[in-house]
Amino acid sequence: MLNKKYNDNNFWDFKGTYRTQLHTLGHYPATMVPEMQLKLMKDWKKDSDEIMLDPFMGSGTSLVEAQKLGMKVIGIDLNPYAVLLSQVKTHNYSNINWNKIKLRIHKKLTSNRYNLPIHNFYKIEKWFRPDIIKSLSKVRNVIKSENDEWIRKFLWVCMSEVIYKHSNDRTSTFKLYQKTDNQIKKIVDNVIKNFEDTIENKCIFLPAKELPTSLIYSGDTKKICLQIPNESIDIICTSPPYGENATTVTYGQSTILFLKWIDRKDLTCDNDEKLLSNFSSIDSLSLGGKNANENAYLSSTLEHFLSIINKSKQKKVRRFVSDYWEVIKELSRIIKKDGLIIFTIGNRIIDNQMQPLDKLTIEMFEKNNICLIQKISRHMLSRQTPQRVPKDNKKIKSMNKEQILVFRKEK
Ligand SMILES: C[S@@+](CC[C@H](N)C(=O)[O-])C[C@H]1O[C@@H](n2cnc3c(N)ncnc32)[C@H](O)[C@@H]1O
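All values derive from a computational prediction rather than experimental measurement.

Undergrad: Go over the overall build of the chain with me, naming the residues and quoting the values.
TA: A count of helical and extended segments in the chain gives 16 helices and nine strands. Its C-alpha atoms put the chain at 65 × 55 × 40 Å along the principal axes. Considering the chain as a whole, with its 411 residues, one finds that 43% of them fall into the buried category. Contacts spanning at least 24 positions in sequence make up 78% of the contacts within the chain whose residues lie at least 6 apart.

So this is what it looks like as structure tokens:
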């Protein structure tokens, strides 16, 4: 045991800690607690020049924290907005004179030269009021006119924050859900000022020093991991999805309105036509989605869980677990001997029954000769979790705890 605090549930809740500003650069669902990932990696890592991989990096929380510890980082995500956020957060923005840039952008925003073209995509009028479309188009044209790719990438993140505040989406859930006509009428077009303020407030948090290298992949972890050589990674630190996106956290839907405005040229995107074509493609292609095999993983733990939930939901669980198993096998192959794996896991609830993802993860790694060395349970204080109110209004169990599982591959 490294530290007796490892047994203290409340210690791991990180109550009262605040997210550092870099982590709040852009909206992304279900982000990890940065302080927790930092503590875990710091306690368990050996050397500073180790390589850390996050196969489901999301907004890049563990990449940023690993870079602080001097580690080279590799991140993978299917969602191009997660990729953009992680790229910006792990890039060295020193040598940039933000005052000069802010002034230049301000001039462009006050000139009529950037009013046209007006941006368009399928169903744009459903998600944005016509005057907001005009204002956002101007911001988009201004960003496109900037020469430096890394400045543009940061500006797209700032614009996404403006979109979050000005779209017709309710934003109270991760699924897209249109506001009422009355609510839409009440949106104040503050796009231009809000964009400039966001640049002003956020540019000061960008990394501005030499950082360990980061390699960020856009695409399906199952496929990307195949490119990583055997036993080449020192630490894997991640929080995998709880289940297939469509019925858990719709990472795709919560970011698609941003992605629809960002110039494709600045998105690192595997198969962009398929992924960005409609509002739910990202979610349907994520782990356990429509490309998943159904029967790749067989175990009594899984069969027991399937036997206590509704038949109609079994297929989805099988698909998710099968895909998850494919990833675990790959991670077990690429982690070095004596390497460390830290998984932060949520056991989602289906039909009032807890899906034992922690137990499944432990048995999957054990099948690959990788043993659990530490298990921590913590309360989820701020992370938004999937909740549903059943038709009969009975209270249902909802996820309020997560497990941190630490594994070590044998020497
Ligand atoms: C729990 S989130 C990770 C959140 C992240 N730890 C953070 O702090 O922001 C899970 C991530 O897995 C990604 N994902 C789901 N299926 C994937 C797949 N097949 N390949 C790559 N990423 C996937 C989702 O897009 C989502 O960003």
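Undergrad: Would you mind going over the nonpolar core in detail, with residue names and values included?
TA: Counting 100 residues, the largest nonpolar core has Met52, Met159 and Ile341 as the members making the most contacts within it. It is helix α15 (residues 311-334) that provides the largest number of residues to this core, a total of nine residues. In terms of domain composition, this core takes at least three residues from each of domain 1 (4-80 + 213-244 + 286-409) and domain 2 (98-205).

Undergrad: Help me get a handle on helix α6 (residues 130-145), residues and values and all.
TA: Here α6 is 16 residues long and its end C-alpha atoms lie 23 Å apart, about the 22 Å a rise of 1.5 Å per residue gives. Of the positions making up α6, those classed as buried are Ile132, Ser135, Leu136, Ser137, Lys138, Val139, Arg140, Val142 and Ile143. Elements that come into contact with the buried residues of α6 comprise α4 (98-110), α7 (149-166), α9 (191-202) and α11 (251-261).

Undergrad: Before we move on, could you go through the domain arrangement of the chain and cite the residues and values that matter?
TA: When cut into domains, the chain gives domain 1 (4-80 + 213-244 + 286-409) and domain 2 (98-205). Contacts between the two partners involve six residues from domain 1, matched on the other side by seven residues from domain 2.

Undergrad: Describe the site of the ligand, listing the residues and the values that go with them.
TA: Every one of the 21 residues lining the ligand counts as a neighbour, but Phe56, Gly58, Ser59, Thr61 and Ser286 are closest to it. Looking at the shell around the ligand, the elements with two or more residues in it are β2 (72-77) and α10 (221-224). Partitioned by chemical class, the residues of the shell around the ligand number ten nonpolar, eight polar and three charged.

Undergrad: Give me unusual backbone geometry: which residues, what numbers.
TA: The peptide bond linking Leu116 to Pro117 adopts the cis configuration, its omega dihedral lying at 0°. Of note in this structure, Asn369 is not a glycine but carries a positive phi near 60°. Judged by local crowding, Asn369 falls into the exposed class, with 9 C-beta atoms found within 10 Å.

Undergrad: Describe the sheet that holds strand β3 (residues 214-218), naming the residues involved and giving the relevant values.
TA: Strand order in the open sheet formed by seven strands is β3-β2-β1-β4-β5-β9-β8, and the pairing between neighbours is mixed. Looking at strand neighbours, the two that pair on one side only are β3 and β8 (370-379), the edges of this open sheet. Pairwise comparison of adjacent strand axes, ignoring direction, gives a mean angle of 15° for this sheet. Alignment of strand β1 (residues 51-54) against β2, held across four bridges, turns out to be parallel. Bridging across to β2, Leu53 finds its partner in Ile74.

Undergrad: Could you give an account of the pairing of β1, naming the residues involved and the relevant values?
TA: Burial along β1 is two-sided: Ile51 and Leu53 facing one way and Met52 and Asp54 facing the other are all buried. As defined by bridge partners, β1 adjoins strand β4 (residues 233-238) across two bridges and the pair is classed as parallel. Across the sheet, residue Met52 finds its bridge partner in β4, namely Ile235.

Undergrad: Residues and numbers for the pairing of strand β9 (residues 401-409), please.
TA: As paired strands, strand β5 (residues 335-346) and β9 are joined by seven bridges and run antiparallel to one another. Note on β9: the bridge partner recorded for Ile341 is Phe407.

Undergrad: Residue-level account of the packing of α6 against α7, with values.
TA: Axis separation between α6 and α7 bottoms out at 10 Å; the angle between their running directions is 170°. Judged by the inter-axis angle, α6 sits roughly antiparallel to α7. Along its contact with α6, which presents Ile132, Leu136, Val139 and Ile143, the element α7 presents Arg152, Leu155, Trp156, Met159, Val162, Ile163 and His166. Class assignment of the residues belonging to the contact of α6 with α7 gives a composition of nine nonpolar, one polar and one charged.

Definitions and cut-offs
For every chain, the first residue of the written sequence is number 1, and numbering continues from 1 along that sequence. Confidence filtering applies because this is a predicted model: local features only for residues at pLDDT of at least 70, side-chain atom pairs given and counted only at 80 or more, and all residues used for totals across whole chains, interfaces and linings. Only DSSP runs of H or I reaching four residues or more are called helices, and only runs of E reaching two or more are called strands; each is numbered from the N terminus. Our exposure labels follow a C-beta count within 10 Å of each residue's own C-beta, placed from the backbone: buried means 20 or more other C-beta atoms, exposed means 12 or fewer, and partly exposed covers the counts in between. Note on contacts: residues are paired as contacts if their backbone-placed C-beta atoms lie within 7 Å. We define a nonpolar core as a collection of buried residues of the types Ala, Val, Leu, Ile, Met, Phe, Trp, Tyr and Cys that are connected via C-beta atoms lying within 7 Å of each other. Domain ranges listed in this record stem from an automatic or a database domain assignment. Multiplying 1.5 Å by the residue count of a helix minus one yields the expected span of that helix. The criterion for a residue being near a molecule or strand is simple: its C-beta atom, placed using the backbone, must lie within 6 Å of it. Classification convention: Asp, Glu, Lys, Arg as charged; Ala, Val, Leu, Ile, Met, Phe, Trp, Tyr, Cys, Pro as nonpolar; all other residues, Gly among them, as polar. For two strands to pair, DSSP has to find at least two bridges joining them. Orientation is described by axes fitted as lines to C-alpha atoms, over the contacting stretch for helices, and by angles from 0 to 180 degrees between their N-to-C directions. Relative orientations are named as follows: roughly parallel for angles under 35 degrees, roughly antiparallel for angles over 145 degrees, roughly perpendicular for angles from 65 to 115 degrees, and oblique for any other angle.

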